[in-house]
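Next come the chains, spelled out residue by residue.
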Amino acid sequence: MGLPPPAPLLLGLLLLQGVLRPLWGDLVFIPAFIRMTGPAASASLVGRTEDVTVSLALLQDKEGLLPVPACGVLTNETGEWSLTVTPSVNALDVTVRMKRGLQRCFSETDSFSESPCIVQTLLVSASRNSSCLAHLLIRVEIYANSSLAHNASENVTVIPSQVYQPLGPCPCNLTANACDVRCCCDQECSSDLTELFREACFTGVFGGDVNPQFDQLCSVQEPYRTPGWFPFLCVQSSLANSPFLGYFYDGSVSSRQHIAFEVHLHTDYRDFSDFGYKQGDPVMTLDKAYLTIPQVSLAGQCMQDAPVAFLQNFDVLCATNLEVYQEQDDIINVKIKNGAVGGIVQPKVIYEEAADPDKFITSTEILFSNESTSRNVNVEEHYIFRWNNNTISEINVKIIRAEINAHQKGIMTQRFTVKFLSYNSDNEEEFSGNPGYQLGKPVRALNTNKMNNVTTLYLWQSAGRGLCTSATFKPILFGENALSGCLLEVGIHENCTRLRENAVELLDSLIQATHVAMRGNSDYNDPSDGWLEIIRVDAPDTVVDPSAGANGSCMDIPTQLHIRILISDAGAVEGITQQEILGVQTRFSSVNWQFHCGLTCEDKADLLPVSASVQFIKIPAQVPRPLSRFQINFTEYDCNRNEVCWPQLLYPLTRYYQGEPYSQCVAKGLLLVSFFILAAFLSNPWTRTCRA
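Residues numbered from 1 in each chain as written. Predicted model: local features only at pLDDT ≥ 70, side-chain atom pairs only at ≥ 80, totals over all residues. Heavy atoms only, no water.

A. Quick look at the overall build of the protein chain. Of the regular secondary structure elements, the protein chain holds seven helices and 31 strands. Per-residue burial for the protein chain yields a buried fraction of 32% across its 692 residues. For the protein chain, the share of sequence-separated contacts (at least 6 apart) that also reach a separation of at least 24 residues comes to 64%. For the protein chain, the accessible area works out to roughly 44500 Å², and carbon and sulfur atoms hold 54% of it. (Helix = DSSP H or I, 4+ residues; strand = E, 2+ residues; numbered from the N terminus. Buried < 20%, exposed > 50% of the residue type's maximum accessible area, 1.4 Å probe, protein only. Contact = heavy atoms within 4.5 Å. Areas by Shrake-Rupley, 256 points an atom, 1.4 Å probe, with all protein chains shown as cover.)

Here it is as structure tokens:
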């Protein structure tokens, strides 16, 4: 039995020594050898690191042999390399980094080299009193990275018109002057490099197949898949005339994208107000600018310069920091175009003082100064536009101001409302449709007992912790199913009778009306003008067993309110379907409440969820149209499953076409048929027959 070879034995002893030295308290680098392929490398020096000096040296190997490490010259700067030492817990973190980056590896002519561009050997030494204690050997072998070889240009890149050239010749070529891996159509990849990933190339349009053969070509259909009529309808065309031209976009330039959290409004003002406003058109000023009022965007942000749209009402709340608050231009000095040529309307402004400014300002903080100055801020702005046909006849504005300290800090909540009312309406009453309801408008309600001024039905809009005490109301909108709720605080010794009464009172606060308007323009002053009584089913009973509730439980607590509204189509006005309400029903649902204890039952409030839901049911029910026998037997010609749709071959003459009146479609169809008949008679076979 022979002895083991000396080289593996020596390597094993060195590794064993490197593992045991930290246990003895000696200094050691972990790891002791690093093969560096990037611009930076890190290691840890563990052991007794007090009064230890770490240095970096560049070793010059001669004939493949490295010199004996020495700690005579200690430095942290060695040519292109820098050394950083960071103390940590019982160790030192050592980082070697290239100072000039990898620019020397990049060449304008050769974007990818198969040999390393940097081959060096670095030695990191740890010493105490000029005595070497540990060494870290770093072998640097850095290759040119094709994806980072050249920075993509941020200048404007001209892209050929996509109408005439299909995409680009190689869409997967994403990096300029560099080889993109798996992109076999990239001309910047050498043949040797392409062989490395030829088996994993990108396929399809992204991989360079920008002119795929489309199914309508006569040469691509397989014999067993082609229907019998295909040879008569197939296309004979070259691949240059491809249907994929302009498939992605019709671009001309591609510029650098600037990311910013700002809302940029369109500055190309298009003024058509001299010919009358249409619904949705921006209201213009005499200076050919938009009339702007702060509004809330879809993302929830408050846009200060949002244009006002004609005949579009809104009621929004905007939170503004008092430190950055800036007063808007006075609306009284703005001249607004009324929609006629040369017509101008001047807003009439009324100012009022806020009764309770603290209602609008939260988290207040006043910076005391020698000068006790104050300033006025607008907390509410209400705009009423009177319109007549396509013009604006009058604008009334009411601004509610509050006087605050000039150095006051906090968040101010502002309210902005805009209403468009007819010029001949006597009050500011807003209809929900004329005559039928419009989708998204509030459901009109009336209380015939005259105890309160109720105009609609409500749901909860929770805030903060979701407690019912802090919840606000929002109107029920026509045609929109909704679900809302809040949390009711209940104690462990809660009286069940009082709990039922509180729950019923909360749910009844949503439905304080007795009647609901059948139409969107029903008159509040005339109860016989289409007002329907609300049907209340299963009213909750607050009578309770005196013994219940002793152990933190109550039976039959009404916690859910279900509102069902029956609607139907009631004709059309100028082609627009009018919808009306046929009936409203409310129903309560009860649950058995039990106080929830943790590890111990403490005398603290429990949370009881209370909810309300609204559902709109259309009468008669819209049942799906039954399938025809043709659709059942011949599914390959179903329009919803296949591209070929035989029932719509004469689409303009079918009931699916809604673009023109049916009589005009029939007339144009007959005219087209006459052209075909005339062309058939003038063709060669008929001409030869007539000559014979």
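Right, picking up where we left off after that structure.
B. Expanded view of the nonpolar core. By size, the foremost hydrophobic cluster in this structure holds 46 residues, and its most contacted members are Trp-460 and Ile-581. Top contributing element to this core by residue count: strand E29 (residues 553-573), with six residues. (Core = buried A, V, L, I, M, F, W, Y, C linked by side-chain atoms within 4.5 Å.)

C. Inspection of the sheet that holds E29 at higher detail. On the basis of which strands lie adjacent, the open sheet formed by five strands has the order E25-E31-E29-E30-E28 and mixed pairing. The strands lining the two open edges of the sheet, one partner per strand, are strand E25 (482-490) and strand E28 (535-537). This sheet shows a mean twist of 20° between the axes of neighbouring strands, independent of strand direction. With 16 bridges connecting them, E29 and strand E30 (residues 576-594) associate as antiparallel partners. Bridging across to E30, Ala-572 finds its partner in Thr-577. Lying on the sheet, helix H4 (residues 496-508) is in contact with E25, E28, E29, E30 and strand E31 (606-618); it crosses E29 at an angle near 15°. (Pairing = 2+ DSSP bridges. Axes fitted to C-alpha atoms, helices over the stretch in contact; angles between N-to-C directions.)

D. Representation of the pattern of salt bridges. Taken as a whole and judged by the stated rule, the model has nine salt bridges. The residue Lys-348 makes a salt bridge to Glu-394 at a minimum N-O spacing of 3.8 Å. Placement of the pair is Lys-348 in strand E17 (residues 348-353) and Glu-394 in strand E20 (residues 391-405), with a sequence separation of 46 residues. Under the relative-accessibility criterion, Glu-394 is labelled partly exposed at 27%. Asp-569 serves as the salt-bridge partner of Lys-618, at 3.2 Å between the closest nitrogen and oxygen. With Lys-618 in strand E31 and Asp-569 in strand E29, the pair connects residues that are 49 residues apart, well separated along the chain. Assessed through its relative accessible area of 28%, Lys-618 is described here as partly exposed. The network of salt bridges with shared partners includes Arg-35, Arg-139 and Glu-141. (Salt bridge = Lys/Arg side-chain N within 4 Å of Asp/Glu carboxyl O.)

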